[in-house]
Amino acid sequence: MLIGSQEQVQGAFADAGWSQASKLGEKSKLETLRAIAEDREYSEAPVSILYLHGRPPEMVFEKLNNTFSKRHHLRIWRRPDRYQGQPVWVSAATHDTGIDFSAKDSTFIHKIDSQIDVERSKVANDLLLTGKVQSLLMVDRRNVPQHGQNATDGNLNTDAKMAVIVLK
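Residues numbered from 1 in each chain as written. Predicted model: local features only at pLDDT ≥ 70, side-chain atom pairs only at ≥ 80, totals over all residues. Heavy atoms only, no water.

**So, the overall build of the chain**
Of the regular secondary structure elements, the chain holds three helices and ten strands. Along the chain, from the amino end to the carboxyl end, the secondary structure elements read β-α-β-α-β-β-β-β-α-β-β-β-β. Across the 168 residues in the chain, those meeting the buried criterion constitute 38%. Looking at the chain alone, contacts between residues at least 24 apart form 55% of all its contacts between residues at least 6 apart. Surface exposure of the chain reaches about 9800 Å², of which carbon and sulfur atoms provide 52%. (Helix = DSSP H or I, 4+ residues; strand = E, 2+ residues; numbered from the N terminus. Buried < 20%, exposed > 50% of the residue type's maximum accessible area, 1.4 Å probe, protein only. Contact = heavy atoms within 4.5 Å. Areas by Shrake-Rupley, 256 points an atom, 1.4 Å probe, with all protein chains shown as cover.)

**Some remarks on the pattern of salt bridges**
Throughout the structure, instances matching the rule amount to seven salt bridges. K132 is paired through a salt bridge with D15; the nearest N and O atoms lie 2.6 Å apart. With a gap of 117 residues between them, K132 in the loop between α3 (116-128) and β7 (133-140) and D15 in helix α1 (residues 6-15) connect regions that are remote in the sequence. Among the residues examined, D15 registers a relative accessible area of 49% and is labelled partly exposed. Shared partners join several salt bridges into a network, and the residues in it are K63, K122 and D126. (Salt bridge = Lys/Arg side-chain N within 4 Å of Asp/Glu carboxyl O.)

**What to know about unusual backbone geometry**
The phi dihedral of Q84 falls on the positive side, at around 50°, and the residue is not glycine. With respect to the helices, strands and loops of the structure, Q84 is situated in the loop between β4 (70-83) and β5 (86-102). On the basis of relative accessible area, Q84 is assigned to the exposed category, the value being 65%. Despite not being glycine, A160 shows a phi value in the positive range, around 70°. Residue classification places A160 among the buried positions, given a relative accessible area of 5%.

**Details of the nonpolar core**
With 17 residues, the main nonpolar core has L2, V9, F13, F61, I76 and L127 as its most contacted residues. Those elements that provide at least two residues to this core are α1, β3 (59-67), β4, α3 and β10 (161-167). (Core = buried A, V, L, I, M, F, W, Y, C linked by side-chain atoms within 4.5 Å.)

**Some words on the packing of aromatic side chains**
Counted according to the given criterion, the structure contains two aromatic pairs. With 5.8 Å between their ring centres and 80° between their planes, F13 and W18 make a pair best called edge-to-face. Each member of the pair, F13 as well as W18, carries the same accessibility label: buried. Here the aromatic rings of F13 and F61 are separated by 4.8 Å at their centres, their planes lie at 15°, and the arrangement is stacked. (Phe/Tyr/Trp six-rings, centres within 6.5 Å; stacked < 30°, edge-to-face > 60°.)

**Topic: the side chain of E119**
Locating E119 in the fold gives a position in helix α3. Sequence-distant contacts of E119, that is, excluding residues within four places in its chain, are made with W18, H72, H73, A93, T94 and H95.

**Examining the layout of surface pockets**
Taken as a whole, the second largest pocket spans an internal volume of roughly 270 Å³. Around the second largest pocket, the lining is made up of 15 residues, and of these A21, S22, K23, P57 and V60 lie nearest the centre. Tallied by class, residues from the lining of the second largest pocket come to eight nonpolar, four polar and three charged. (1 Å grid on protein atoms, 1.4 Å probe; cavity = no way out; pocket = protein on both sides within 12 Å on 5 of 7 lines; lining within 4 Å. Points joined across faces, edges and corners; volume = space filled by probe spheres on them. Nonpolar A, V, L, I, M, F, W, Y, C, P; charged D, E, K, R; others polar.)

**What about the side chain of N157?**
For N157, the position within the fold is in strand β9 (residues 155-157). A polar atom in the side chain of N157 sits 2.7 Å from the side chain of H147. Beyond its immediate sequence surroundings of up to four residues, N157 is in contact with S114, Q115, I116, D117, Q146 and H147. (Polar contact = N/O pair within 3.5 Å; in protein donor to acceptor, adjacent residues only side chain to side chain.)

Quick look at the structure:
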C-alpha cells in the first residue's frame, strides 16, 4: 500500500530506477517479440492487464534484470480511501523469472518467483533508498492465505503481511 499523490508515487518509482510500462498494442507486441528472440531488455515492455474490483491499474512500473524474460513489475490501483488527506494506492508486485508456454492458453507466459514477499521487500527497499519514504509499516492481514496458486498454476507463498509506505 502506498500513501501519497500520484506525482509522489511516480517520482519515487522513477528515482528508484523503475520504468513506466508501455500500453499493450501492435508496436509494443512486436518489440516484445524482438526482445524475447534477441534475449535482451525492453525497459518499457507492456505487462498484461489485471483487474482489481473490475478496474485496470492506474499505473504500471517495471525494473529489468537484463532481459525481458526476467523482470520485476507492479501494478498500482487507486483506492477510494484517503489517509490524512492523501490518496491511498494498493499494488501487486511480482518477479518474473522466465518465460514458459501455456498449452491451456496457447500463449507464452511469465513464470514468477513463488516467494512473493521477496518482491515486496525489493519494492520497499528500492523506495526507501530514494529518501522519499516518510514511514514504512508491516501490517498483518489475517484473512490472506499463506500458500496458493496464481492463474497459471504457479505456487505462491507469503507471510500475509502488507507493506504500508507513506511517501513524502
